[in-house]
Amino acid sequence: MNYEELLQSKSPLKAKLTSMPIGSFKKEQVGEKFLNVLEIKSQFIGNGQFSEALDEECEKNKVLVHKHQLHFEPETKGADVVSLHVEQGNYVTLAQLLQEQPSIVGKEGFIHNIVRELLDVTEYLHEQQVWHVCYAPQNILIRKGDNAVMLLSHGSFYLGMPNRMVLYEGMEDYIAPEIRNDGTVDSRCDIYSLGKLITWLFEMTEMSYAYKSVARKAQTDMPEGRYQTIAAMRKALSAKREMRKSWVTLLIAAAVAAVLVGSYFMLMPEPTHVEYVKPAPKQPTDDLIEDGFDPAELGVVSGDSMVMTEEERRQHKEYEAKAEQIFRKRFTAEADRILSKIYDNEHMNSSEKKFLSEMSSVNEELLQHQIDIANEAGISTARSQVIATEIVETLTEQKKKKLQYYGVQK
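Just so it is clear, the model here is predicted, and its values are computed rather than measured.

This next bit is on helix α11 (residues 310–339). Counted at 1.5 Å a residue, the expected span for α11 with its 30 residues is 44 Å, and the 42 Å between its end C-alpha atoms agrees. Every buried residue of α11 is accounted for by A323, E324, F327, F331, A335, I338 and L339.

Here it is as structure tokens:
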């Protein structure tokens, strides 16, 4: 027995923390080896309906092939299965892991990986017409080392029992209302239970908007109000997480654009007031020509003389292009320096309040540099606004891609 196994065997919390719906998960010494064993609860041994359900699950378990599904072999005593010998590995329940290491929920990506892996294995189980039913933290195993999710026994095999809820004593909150009321099982009962688990995972940390929104819909009492499939739940979570990530970029761009538009109108020159007089009655041009009228006598010149020549137009375009090139180069350097102040792992994983406060000063600094550089380069405020917004969005995307994980916390 190694030190870790010794601690597990001595732990007074072991029996409580490893209690699962159909039995207790533990390590058991067989000869010189320690095996993972799910010991069937004594009240179920000899129960004909339970035994039939367990036999059916043992057969189905042989063909379930997924990296987050554990396999087992039944051990019988007489005609009854008394325990399940589970494949090798060092496993603890999710409840036990958080009991021993409560701070792990704050570890970067921990909750996201747990939820993602549960969605993966649940979607596979539904394809096999198997439903887990209860995602209580006591009914989910975690492999020590990489914290991978592992599921063992599934509740849909035992729903034919007349007293099905006896399986979930102490876990009733994780069971969908229709199951508690002897209703039928489908994908939506697992979605309800997953929503409850997500809420539990965030009890010790701040829940982000994406998870809060998805968990709320998943826990709707009526099945029709929940996500109808795991794929729909996954899509909603992914969309809300991406929306949360892009929100920061969009807010910066919107703030810069709003301020710059305001600045543009403030900097526009005062309009010249022109006094108009009522025109004299129009006289046919032909009559004037016949009278010997010459437009040049009034200083009227041909329209061709008021239009820029091709050479002047070319020079003007070259000047504008050069001015924009200067602005782009200088503003890109300044924007990169300024955005680097907040786009790092420390700031992108800070609280929303702190991030917004720091972003406000960044916006002001970006705006001031945009105006100053535009004036020096000799381009209009409106044009510099368009270029500046483009540069900020491009730099923001580049910096986000360099971060391994980011998401301002609600």
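What follows is about the sheet that holds strand β7 (residues 148–150). Spatially, the 3 strands line up as an open sheet ordered β5-β6-β7, and their pairing is antiparallel. At either margin of the open sheet sits one strand with a lone partner, and together these are β5 (91–93) and β7. Averaged over all pairs of adjacent strands, the angle between strand axes in this sheet comes to 40 degrees, irrespective of strand direction. The sheet contact formed by β5 and strand β6 (residues 141–143) spans 3 bridges and is antiparallel. The partner of Y91 across the bridge, within β6, is R143.

Taken in spatial order, the 4 strands make up an open sheet running β1-β2-β4-β3, and their pairing is antiparallel. Whereas interior strands pair on both sides, the edge strands pair on one side only; in this sheet they are β1 (23–30) and β3 (72–77). Here the strands of the sheet are splayed against their neighbours by 35 degrees on average, with no regard to which way each runs. As paired strands, β1 and strand β2 (residues 33–40) are joined by 8 bridges and run antiparallel to one another. Of the residues in β2, the one forming a bridge with Q29 is F34. Against the sheet, helix α3 (residues 48–61) engages β2, β3 and β4 (80–86), with an angle of about 30 degrees to β4.

In this structure, the hairpin formed by β1 and β2 is closed by a connection of 2 residues, where G31 is found at a positive phi of approximately 70 degrees. Alignment of β2 against β4, held across 4 bridges, turns out to be antiparallel. For N36, the partnering residue across the bridge sits in β4 and is V86.

Glancing now at the packing of aromatic side chains. If you walk through the whole model with that rule in mind, you get 4 aromatic pairs. Measuring from ring centre to ring centre gives 5.2 Å for F202 and Y211, while their planes differ by 45 degrees; the resulting arrangement is tilted. Ring geometry for F327 and F331: centres 5.5 Å apart, planes at 10 degrees, overall stacked. Pair noted here: F327 and F331 are both in helix α11, with a separation of 4 residues, about one helical turn. Note on accessibility: F327 and F331 belong to one class, buried. In this structure an aromatic cluster arises from ring pairing among F44, F50 and Y158.

The rules behind these values
- Residues numbered from 1 in each chain as written.
- Predicted model: local features only at pLDDT ≥ 70, side-chain atom pairs only at ≥ 80, totals over all residues.
- Heavy atoms only, no water.
- Helix = DSSP H or I, 4+ residues; strand = E, 2+ residues; numbered from the N terminus.
- Expected span 1.5 Å × (residues − 1).
- Buried < 20%, exposed > 50% of the residue type's maximum accessible area, 1.4 Å probe, protein only.
- Pairing = 2+ DSSP bridges.
- Axes fitted to C-alpha atoms, helices over the stretch in contact; angles between N-to-C directions.
- Contact = heavy atoms within 4.5 Å.
- Phe/Tyr/Trp six-rings, centres within 6.5 Å; stacked < 30°, edge-to-face > 60°.

Structural measurements only, silent on function.
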